[in-house]
Amino acid sequence: MTLTLDLTAVRSDFPILQRTVRDAKPLVYLDSGATSQRPIPVLDAERDFLLHSNAAVHRGAHQLAEEATDAYEDARATIAGFVGAGVDELVFTKNATEALNLVAFALGDERFGEYAVGPGDEVVISELEHHANLVPWQELCRRTGATLRWYGVTDDGRIDLDSLQLTDAVKVVALTHQSNVTGAVTDVARVVESAKAVGALVVLDACQSVPHMAVDFHELGVDFAAFSGHKMLGPTGIGVLYGRRGLLRAMPPVLTGGSMISTVTMEQSTYADPPQRFEAGVPMVSQAVGLAAAVRYLEGVGMETVARHEESLTAATLEALGQIPGIRIVGPRDMVARGGAVSFVVDGVHAHDVSQVLDDDGVAVRVGHHCAWPLHRRLGVQSTVRASFALYNTLDEVEVLARSLRRAQEFFGVGGARS
């Protein structure tokens, strides 16, 4: 496997990258942390399934139903292999937020036995968390009487694992693998070691890591993990919950109804084994097929190659922005344990105003608090501009970003950027 990416070939698979915006400006898409673009093989996989094999899965004996069921379960096996999970450890959800909510609600159910959270127990998160990995745990504590505690954040936007000592009262530690704001990558091995020492479960938000680096949940040793399709070249409307086999077998369902039952009488019902137990109703079949195609695409490139390429883009961005007076990076300024999300502020210019100038130059970025209000408060900024990368971005696009930021400073009469 070569670690050199054929960018011309890759970009040809993403027709949207060839379009122009804002008076024929070439599109520079730097918002993959919010939603990545989809390559032709992913679109073709969904279209081929819908044209030739579309039917209800697990519900029919005719040929189309058999083909649809095979496609759905083959997709599960492909995705499970990609993240180092067993086929029976992978649950399809409509997004990662739903996946995290399923775990949080189940942990508040006394049927979960020894794993259930109650009064006197503690749930640990961090100030770094995306709202999807914050609000469900707040709700769990509200419903159960448990106490929410959190790790602090260092000045450069990393989880401060020395800021909190875990005790035997901790039942759950729920952290982000890679920050969607600062790009900081969590030391998962250390988290797992400290959590296991007190008998706590570890829940990992892997939305920003699975698309950009090789991830193996078994090797990481986490108990649950969640990620989403639309951030990894796949469709919207599908997410994934990973759960350790024994935990999923003990975990009570949250959503009930068709597809997740074993037997039904008027008096009571019994539930199917995982993962079907957690997939009530008609599942997202074509989306699963599309997500499996996205996995095959990433595997074809090679995750080490993807990671190396995005590291080069991130390093170039940090260097380019560091040369512009008046721009402050919000997050680590080096490449140690860091991913491809670069957030920053332009002194004297509101983030939304910066984005309008960038958009006028064809540069698509994200602005605001990025669903991470507590982190922005901790770092003393109201909002930031974020450039986030995927395998299809180029070093030339980094240069366009830097030029456009200098133009924004000139337009608003701030900074004093060097040419």
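Since we're looking at a predicted model, the values are computed, not measured. (Residues numbered from 1 in each chain as written. Predicted model: local features only at pLDDT ≥ 70, side-chain atom pairs only at ≥ 80, totals over all residues. Heavy atoms only, no water.)

Student: Could you give an account of the overall build of the protein, naming the residues involved and the relevant values?
Tutor: Within the protein one finds 13 helices and 18 strands. Expected size for 419 residues packed as a compact globule is a radius of gyration near 22 Å; at 22 Å, the protein falls within 12% of this value. Counting only residues that meet the buried cut, the protein has 56% of its 419 residues in that class. Taking as baseline every contact in the protein between residues at least 6 positions apart, the subset at least 24 positions apart corresponds to 70%. Carbon and sulfur atoms make up 50% of the accessible area of the protein, which amounts to about 17400 Å² in all. (Helix = DSSP H or I, 4+ residues; strand = E, 2+ residues; numbered from the N terminus. Rg over C-alpha atoms; globule rule 2.2 N^0.38 Å. Buried < 20%, exposed > 50% of the residue type's maximum accessible area, 1.4 Å probe, protein only. Contact = heavy atoms within 4.5 Å. Areas by Shrake-Rupley, 256 points an atom, 1.4 Å probe, with all protein chains shown as cover.)

Student: Explain helix α13 (residues 395–412) to me, using residue names and the numbers behind them.
Tutor: Across its 18 residues, α13 extends 26 Å between first and last C-alpha, which sits within 8% of the 26 Å expected from 1.5 Å per residue. Burial in α13 covers these residues: Glu397, Val398, Leu401, Ala402, Ser404, Leu405, Arg406, Ala408 and Gln409. One or two steps after α13, the chain reaches glycine 413, where phi turns positive at roughly 70°. (Expected span 1.5 Å × (residues − 1).)

Student: How would you explain the sheet that holds strand β14 (residues 327–330) if you had to name every residue and give the values?
Tutor: Note: strands within a sheet are paired through backbone hydrogen bonds, in either parallel or antiparallel orientation. One open sheet accounts for four strands, arranged β14-β15-β18-β17; its pairing is antiparallel. Both edges of this open sheet fall to β14 and β17 (366–368), since each of them pairs with a single strand only. If you compare each strand with its neighbour and ignore which way they point, the axes differ by 30° on average. Pairing of β17 with strand β18 (residues 384–388) involves three bridges; the strand directions are antiparallel. Within β18, the residue paired with arginine 366 across the bridge is arginine 386. (Pairing = 2+ DSSP bridges. Axes fitted to C-alpha atoms, helices over the stretch in contact; angles between N-to-C directions.)

Student: Report on empty space enclosed by the protein, specifying residues and quantitative values.
Tutor: Evaluation of the coordinates by the stated rule reveals four cavities of 30 Å³ or more. Volume-wise, the largest cavity comes out at about 60 Å³. Around the largest cavity sit Val57, His58, Arg59, Tyr72, Ser259, Gln276, Glu279, Gly281 and Pro283, which together line it. Of the residues belonging to the lining of the largest cavity, the class tally is three nonpolar, four polar and two charged. (1 Å grid on protein atoms, 1.4 Å probe; cavity = no way out; pocket = protein on both sides within 12 Å on 5 of 7 lines; lining within 4 Å. Points joined across faces, edges and corners; volume = space filled by probe spheres on them. Nonpolar A, V, L, I, M, F, W, Y, C, P; charged D, E, K, R; others polar.)

Student: Break down the pairing of strand β15 (residues 341–346) for me, citing the residues and quoting the values.
Tutor: With six of its six residues buried, β15 lies for the most part within the structure. Where β14 and β15 come together, four bridges link them in antiparallel fashion. Residue arginine 328 lies in a different strand from β15, and its bridge partner there is valine 345. Bridging between β15 and β18 involves four bridges; their strand directions are antiparallel. Directly across from phenylalanine 344, in β18, lies its bridge partner valine 385.

Student: Could you give me a rundown of the packing of aromatic side chains, with the residues and numbers involved?
Tutor: Evaluated as defined, the whole model comprises seven aromatic pairs. Ring geometry for tyrosine 72 versus phenylalanine 92: centroids 5.3 Å apart, planes at 50°, classification tilted. With tyrosine 72 in helix α3 (residues 63–82) and phenylalanine 92 in strand β4 (residues 90–93), this residue pair connects regions lying 20 residues apart in the sequence. The exposure classification of tyrosine 72 matches that of phenylalanine 92, with both residues buried. The rings of Phe14, Tyr297 and Tyr392 are connected pair by pair, giving a single aromatic cluster. Here the guanidinium or amino end of arginine 143 rests over the ring plane of phenylalanine 105, the centre of that ring lying 4.3 Å away. (Phe/Tyr/Trp six-rings, centres within 6.5 Å; stacked < 30°, edge-to-face > 60°. Lys NZ or Arg CZ within 6 Å of the ring centre and 35° of its normal.)

Student: Hey, could you go over the pattern of salt bridges for me, with residue numbers and the actual values?
Tutor: A full pass over the atoms with the stated rule returns 24 salt bridges. Of the charged contacts, one joins arginine 38 and glutamate 46 as a salt bridge, the two residues approaching to 3.6 Å between their closest N and O atoms. Classification of glutamate 46 as buried rests on a relative accessible area of 13%. Between aspartate 334 and arginine 158 there is a salt bridge, with its nearest N and O atoms 3.5 Å apart. Linking aspartate 334 in the loop between β14 and β15 with arginine 158 in the loop between β6 (147–153) and β7 (159–160), this pair joins segments that are 176 residues apart in sequence. Each of the salt bridges in this network shares a partner with another, and the network as a whole consists of Glu73, Arg76 and Glu279. (Salt bridge = Lys/Arg side-chain N within 4 Å of Asp/Glu carboxyl O.)

Spatial relationships are all this shows, so hold off on functional conclusions.
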